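Per-entry structural report
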Protein chains: 2
Amino acid sequence: MSVEYKYKETCLADPKVIAELLISLDPYIKKLKDILNAGKYEDPECSINLPFDPRWANDVTTVADNFDLRKIKHLVLVGIGGSNLGTQAIYEALKTDLTPEILFADTVSEKTINGIISKLSQLNSKEEFVLDLVCKSGSTVETNENFSLLINFLSRKFGKINNRVVITTGFDSSFWNEAKNKDYFVLEIPKLVGGRYSVFSPVGLFPLLALGFDIKKLLSGAKGAFDNLDTITTSAVISVAHYQKGIGIHNNFFFNPSLEFLGKWQRQLTAESLGKTGKGILPIVSIGSMDLHSMVQLYLGGPKNIYTDFMYSEEFGERLPKVMEAIYKGTVGAYKDAGVPFSEFALSKIDEFLLGYYMQFRMVETVFQAKLLGVNAFDQPNVEDYKQITREILGK
Amino acid sequence: MSVEYKYKETCLADPKVIAELLISLDPYIKKLKDILNAGKYEDPECSINLPFDPRWANDVTTVADNFDLRKIKHLVLVGIGGSNLGTQAIYEALKTDLTPEILFADTVSEKTINGIISKLSQLNSKEEFVLDLVCKSGSTVETNENFSLLINFLSRKFGKINNRVVITTGFDSSFWNEAKNKDYFVLEIPKLVGGRYSVFSPVGLFPLLALGFDIKKLLSGAKGAFDNLDTITTSAVISVAHYQKGIGIHNNFFFNPSLEFLGKWQRQLTAESLGKTGKGILPIVSIGSMDLHSMVQLYLGGPKNIYTDFMYSEEFGERLPKVMEAIYKGTVGAYKDAGVPFSEFALSKIDEFLLGYYMQFRMVETVFQAKLLGVNAFDQPNVEDYKQITREILGK
């Protein structure tokens, strides 16, 4: 068991409401199973097929075979939002002293880009980096700016670098065509797989493989999540039942500091999938034990509009973790005493399998939450609003 | 002007409510001015005196004079919550390639402590580190555990290290007495200055001085905030007026990625000061432009229960920042079109002066918010709840 879930005595949802919501999901669960059986990419839900489809691991392995991965010191990931959050979550959770460093070119910041260029300046040969651009649409302003700056810099320093560039993008996007023209490596993101559901496509698989992580184990974990579909539906139902009672803030409280970026990935997943037509659950992320000294006064003493998922590792037990375990139990005890609603997710060993399992669990859960709220889990209609004005200002 | 504030056309508060709330604060403003004039540490509000009192800069300078600051490679800060968040906010905002690295021993994590020990192992002499323990009460579990581990390791490696240890604590705490016994340097935190209001005491001043930051400029900025008391009260009133309308989530949206930790500092300030007796504003932090690709769909399309403060730097203008400026304007335009309430804070050059100004602005604002909400800004009664159970488990 990768994720063990407890909620019964500590949630505020009515068992009758839970039962009704669960039953209402049955037809949709059947639909998801049909999509899984067909294995195609023709429905908005198609991202659930990614871990079962050998194509993606094959694609990224074929590209990675062109590199001597042992020589890579820096992987430069140019991409923002769904293009980098999943990779970053896994990288931050699992990196060791031996993992090549990812340089994230996400937003447009002189400080960030100068930092990246300064590190790349110190490399001795182009074998020591891979430039990995991730952008499905081809039209993300930040990604275009950063890519153009980095290509210029790297070409000036190393000469011809087309065999160090991997473009992961939608078929026929502007980047797809540029990759073909310039002879960059190219990896496809299926048209209907949106950024926040794309970590098991080449979006996440290529950089994770290049960093030395075990993508087969990651995909096994993701497949494993489907063995626990009952828990996924229950967790979705619990959050929506609380939302219906006015408890519309969802606190993802991780008791492993290295999982903070997993929280950031989850934040996008929840916010973009559910926040529309006036509805939506606000995801927040807390980290133990730091946020006991920052946020917990409010969580215990403030307005009762927050539902908390505690994620804690079963790896408690060594000298320091023993203290953390006591702190965790103290926290859960105080929540119980205060009548603040919560669930507990016991996470097994934090490795590629667990992360694949957890991320797939949350993606499927989110799709169920959207169905229960009556919103489209796969679009982000209001994001276009600021982009339009930005484009006008930039004269594009 | 360090912080310029705009809200009139984009907030949802009724001008009559604003006027009434402002008037209700008058007696309290008078009280704060009396406390400033007296310059003593006898009221819970006394932290406002710190920047005006030469004692604290003198104290930390006297201790720092015992170190050759140019030789320091690592400052190890052992402390959690209010003991490190202010220092971390300033460090992350201002650090350059030349700044000594802070190693933060905050929570109890094998991974974190092993990382710190691995870096300290590479030092050649004890001149290259300072161990800075910050803990007012002397009884924080994490701080006690981490300090004891680090003292053991450092003593084994370097022998007698008492002249490399600085203890910042309350008079007569257990750490105070340990410092006297072991001949560590000791710096006092005034009894009534709580962690989240302590950045201008030795809590923040000593590590910031040791890292090479200009603490005089920081304190000048903090003093400068009082020249803008009208804006501080207005900003407090605007947030409370929205809270009274059910808009109880406050989004601190920074358009400078290096200010994310300033947001984490602010998160503690708001949550611990206001979240009690069932009341409280939930502070969340967003970072531009990353969170446009993560959270903005929810902010624009989801439930209308969030008030946003946009903090953006006037340093826009170079090549990349020009793009950021366009994105910022696009975001603000989309918020306007959607009728989502917000304010704008234009921040001048991000340096010690601005950070001192901004942090003092927010601390005084928080005290006003608490007064308007009718809660005690200076206690954290519910934090004791989990600590009690933790202590029982640890048998202490």
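Residues numbered from 1 in each chain as written. Chains lettered and ligands numbered in written order. Predicted model: local features only at pLDDT ≥ 70, side-chain atom pairs only at ≥ 80, totals over all residues. Heavy atoms only, no water.

1. Topic: the overall build of chain A
Quick reminder of the rule: Numbered from the N terminus, helices here are DSSP runs of H or I no shorter than four residues, and strands are runs of E no shorter than two. Radius of gyration here uses only the C-alpha atoms, and the compact-globule reference equals 2.2 Å multiplied by the residue count raised to the power 0.38. Whether a residue is buried, partly exposed or exposed follows from its accessible area with a 1.4 Å probe, protein chains only, as a fraction of its type maximum: under 20%, in between, or over 50%, in that order. Whether two residues are in contact is decided by their heavy atoms: any pair within 4.5 Å suffices. Surface exposure here means Shrake-Rupley accessible area, sampled with a 1.4 Å probe, where a residue is shielded only by the protein chains that are shown. By the counting rule applied here, Lys and Arg register as positive and Asp and Glu as negative, while His and the ends of each chain are not counted. Working definition for charges: the position is that of NZ of Lys, CZ of Arg, CG of Asp or CD of Glu.
Tallying secondary structure elements over chain A gives 15 helices and 10 strands in all. At 22 Å, chain A has a C-alpha radius of gyration in line with the 21 Å of a compact globule built from 396 residues. Seen through its C-alpha atoms, chain A measures out along the principal axes to roughly 65 × 50 × 45 Å. Residue burial in chain A is summarised as follows: out of 396 residues, 64% are buried. Taking contacts inside chain A between residues at least 6 apart in sequence as the whole, the part at least 24 apart equals 79%. Carbon and sulfur atoms form 50% of the exposed surface of chain A, whose accessible area is close to 14,600 Å². For chain A, the separation between the mean place of its 43 positive charges and that of its 47 negative charges on side chains is 2 Å.

2. Quick notes on the pattern of salt bridges
Where charged atoms from two side chains of opposite charge come close, those side chains can pair. Quick reminder of the rule: In the sections that follow, a salt bridge refers to a side-chain nitrogen of Lys or Arg positioned within 4 Å of a carboxyl oxygen of Asp or Glu.
Counted by the stated rule, this structure contains 38 salt bridges over all chains. Between R362(A) and E365(A) there is a salt bridge, and its shortest N-O distance comes to 2.6 Å. Remark: E365(A) and R362(A) occur in helix α14 (residues 352–373); sequence separation between them is three residues, near one turn of the helix. No difference in accessibility class separates R362(A) from E365(A), as the two residues are buried. Residues R362(B) and D309(B) are paired through a salt bridge, measuring 3.3 Å at the closest nitrogen-oxygen approach. On the criterion of sequence distance, the pair formed by R362(B) in helix α14 (residues 352–373) and D309(B) in strand β9 (residues 306–313) is long-range, its members being 53 residues apart. Classification of R362(B) by relative accessible area gives buried; the value is 2%.

3. Focus: the relation of the copies chain B and chain A
Rules: Superposing copies: least-squares fit, C-alpha atoms only, residues required to have pLDDT of at least 70 in both.
Rotating chain B by 180° and moving it 0.0 Å along the rotation axis overlays it on chain A with an RMSD of 0.0 Å. Each copy turns onto its partner about a two-fold axis. Identified as the residue of chain B closest to the rotation axis by C-alpha distance is I284(B), at 3.7 Å. Most of the interface of chain B is mirrored in chain A, where 99% of its interface residues are also at the interface.

4. Description of unusual backbone geometry
Looking along the chain, the bond that leaves G288(A) and enters S289(A) is cis, with omega of 0°. Tracing the backbone shows S289(A) in the loop between β8 (282–287) and α12 (296–301). Residue D172(B) is not a glycine yet carries a positive backbone phi of 75°. Within the fold, D172(B) resides in the loop between β5 (165–170) and α7 (174–182). One non-glycine residue, T277(B), lies in positive phi territory at about 50°. As for its position among the elements, T277(B) is in the loop between α11 (260–274) and β8 (282–287). The class of T277(B) is exposed, set by a relative accessible area of 64%.

5. Considering the sheet that holds strand β6 (residues 185–189) of chain B
All names here are of chain B. Note the threshold: Pairing between two strands requires that DSSP report at least two bridges joining them. Fitted lines through C-alpha atoms serve as axes, helices being fitted only where they are in contact, and the angles separating the N-to-C directions of these axes extend from 0 to 180 degrees.
Taken in spatial order, the five strands of this open sheet run β3-β2-β4-β5-β6, and their pairing is parallel. Each end of this open sheet is capped by a strand with a single partner; those strands are β3 (101–105) and β6. The mean angle between the axes of side-by-side strands here comes to 20°, regardless of whether they run parallel or antiparallel. Examined bridge by bridge, strand β2 (residues 74–78) and strand β4 (residues 129–135) share five bridges and lie parallel to one another. Counted as the bridge partner of L75 is V130 from β4. In the packing of helix α3 (residues 54–64) onto the sheet, the strands contacted are β5 and β6, and the crossing angle to β6 comes to about 165°. The strands touched by helix α6 (residues 141–158) within the sheet are β2, β3, β4 and β5, with β4 carrying the most contacts at an inclination of about 160°.

6. Observations concerning the sheet that holds strand β9 (residues 306–313) of chain A
All names here are of chain A. Read across the sheet, five strands follow the order β1-β10-β9-β7-β8 without closing on themselves; strand pairing throughout is mixed. Among the strands making up the open sheet, the edge pair consists of β1 (3–6) and β8. For this sheet, the mean angle separating the axes of adjacent strands, direction not counted, is 20°. Pairing geometry for strand β7 (residues 249–254) and β9, over six bridges, is parallel. Looking at the pairing, F253 lines up with F310 of β9. Strands β1, β7, β9 and β10 (342–347) of the sheet are contacted by helix α10 (residues 229–244), whose axis makes an angle of about 40° with β1. Along the sheet, helix α11 (residues 260–274) makes contact with β7 and β8, crossing β8 at roughly 175°.

7. Let's talk about α11(A)
For clarity, the cut-off: To estimate how far a helix should extend, the number of its residues minus one is multiplied by 1.5 Å.
Over its 15 residues, α11(A) runs 21 Å from end to end, which matches the ideal 21 Å to within 8%, given 1.5 Å per residue. Of all 15 residues in α11(A), 14 are buried; the element is thus mostly enclosed.

8. Observations concerning the pairing of strand β3 (residues 101–105) of chain A
All names here are of chain A. Within β3, four of the five residues are buried, leaving the element largely enclosed by the surrounding structure. In the sheet, strand β2 (residues 74–78) pairs with β3 via five bridges, with the strands oriented parallel. Residue pairing across strands places L77 opposite F104, the latter belonging to β3.

9. Some points on the interface of chain B and chain A
Accessible area lost on assembly of the parts is the figure often given for the size of an interface. For clarity, the cut-off: As used here, buried area is the combined drop in accessible area, with a 1.4 Å probe, of two parts when they are placed together. Within 3.5 Å is the distance limit for a polar contact, defined as a pair of N or O atoms, with the added protein rule that one can donate a hydrogen and the other accept it, and that residues adjacent in sequence qualify only through two side-chain atoms. When residues are sorted by character, Ala, Val, Leu, Ile, Met, Phe, Trp, Tyr, Cys and Pro go into the nonpolar class, Asp, Glu, Lys and Arg into the charged class, and all the rest, Gly among them, into the polar class.
In this assembly, 86 residues from chain B lie in contact with 87 residues from chain A. Of the roughly 6,400 Å² buried between chain B and chain A on both sides combined, carbon and sulfur atoms contribute 63%. Linking chain B to chain A there are 28 residue pairs in polar contact (both at pLDDT 80 or more). Elements with a contribution of two residues or more to the side of chain B that touches chain A: α4 (85–94), α5 (110–121), α6, α11, β8, α12 (296–301), α13 (319–338) and α15 (383–394) of chain B. Examining the composition of the side of chain B that touches chain A, we find that 14 residues originate from one element, α13(B), more than from any other. Residue classes in the side of chain B that touches chain A are distributed as 37 nonpolar, 28 polar and 21 charged.

10. As for the packing of helix α2 (residues 26–38) of chain A against α14(A)
Residues and elements named next belong to chain A. Stated formally: Working definition: roughly parallel below 35 degrees, roughly antiparallel above 145 degrees, roughly perpendicular at 65 to 115 degrees, and oblique for all remaining angles. Left-handed describes a crossing in which the near helix is turned anticlockwise from the far one by less than a right angle; the clockwise case is right-handed.
Closest axis-to-axis distance for the α2/α14 pair is 11 Å, and the angle between their directions is 140°. Judged on the interaxial angle alone, α14 and α2 are oblique. Regarding α2 and α14, the two cross each other, and that crossing is right-handed. Along the contact surface, α2 presents Y28, I29 and L32, while α14 presents V364, V367, F368 and K371. By residue class, the composition of the contact of α2 with α14 is six nonpolar, no polar and one charged.

11. Remarks on the domain arrangement of chain A
Residues and elements named next belong to chain A. The criterion, for reference: Residue ranges labeled as domains rest on an automatic or database domain assignment.
Entries for chain A in the domain assignment read domain 1 (3–33 + 221–373) and domain 2 (40–213). With centres defined by C-alpha atoms, the gap from domain 1 to domain 2 works out at 30 Å. With 28 residues of domain 1 in contact, the opposing surface of domain 2 contributes 19 residues. Note on domain 1 versus domain 2: buried area summed over both sides is about 2,200 Å², and carbon and sulfur give 71% of it. Summed over the shared surface of domain 1 and domain 2, the number is two salt bridges.

12. Here's the deal with helix α9 (residues 215–224) of chain B
Residue and element names in this part refer to chain B. Along α9, the positions that sit buried rather than exposed are I215, L218, L219, G221, A222 and G224. The inward-facing, buried residues of α9 abut α3, α4, α8 (202–210) and α14. N-cap assignment for α9: the residue whose side-chain oxygen lies 3.2 Å from the backbone N of K216 is D214.

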